[in-house]
Amino acid sequence: MKELMRSSDPTSIAFAKALLQGEGIEWFELDVHMSVLEGSIGILPRRLMVAARDHFRASAVLRDNDIALG
């Protein structure tokens, strides 16, 4: 698995997941439950992971839709 994006904005994560699902790219979201530990103030970003074989294509899909990677 490789990290595709990191964001504390839940709407950009949701949009990215919908785009990847539409392209048939499987994803896995990390750090979802960290907000409970931080008090739900949105400091800690969530990470969206994809298989290494899908990383290039997934990156292109997100870039084409103006979603910041990293």
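Here's what I pulled together on the structure shown here. Just so we're clear, the structure is a prediction, and the values are computed from it rather than from any experiment.

So, how was this worked out
- Residues numbered from 1 in each chain as written.
- Predicted model: local features only at pLDDT ≥ 70, side-chain atom pairs only at ≥ 80, totals over all residues.
- Heavy atoms only, no water.
- Helix = DSSP H or I, 4+ residues; strand = E, 2+ residues; numbered from the N terminus.
- Buried < 20%, exposed > 50% of the residue type's maximum accessible area, 1.4 Å probe, protein only.
- Contact = heavy atoms within 4.5 Å.
- Polar contact = N/O pair within 3.5 Å; in protein donor to acceptor, adjacent residues only side chain to side chain.

## Here's the deal with the overall build of the protein chain
Along the backbone of the protein chain there are three helices and three strands. In sequence order, the protein chain lays out its α and β elements as β-α-β-α-β-α. In the protein chain, which comprises 70 residues, the proportion classed as buried is 33%. Here the analysis covers contacts within the protein chain between residues at least 6 apart in sequence; of these, 67% occur between residues at least 24 apart.

## Regarding unusual backbone geometry
The residue D31 is not glycine, and still its phi comes out positive at about 70°. Phi at D66 takes a positive value of approximately 60°, unusual for a residue other than glycine. Mapping D66 onto the fold places it in the segment after α3 (55-64). Residue classification places D66 among the exposed positions, given a relative accessible area of 73%.

## Overview of the environment of M1
The residue M1 is located in the segment before β1 (2-7) in this model. Sequence separation of M1 and A51 is 50 residues, and the distance between their C-alpha atoms is 4.4 Å. For M1, the residues in contact, after removing those within four places along its chain, are F28, M49, V50, A51 and A52.

## Re the environment of R47
Relative to the elements of secondary structure, R47 occurs in strand β3 (residues 46-50). On the accessibility criterion, R47 (23% relative accessible area) is partly exposed. Measuring from C-alpha to C-alpha, the distance between R47 and K2 comes to 9.9 Å, with 45 residues separating the pair along the chain. Sequence-distant contacts of R47, defined by excluding residues within four places in its chain, comprise E3, M5, R6, F28, E29, L30 and D31. Side-chain polar atoms of R47 contact the side chain of D31, separated by 2.7 Å.

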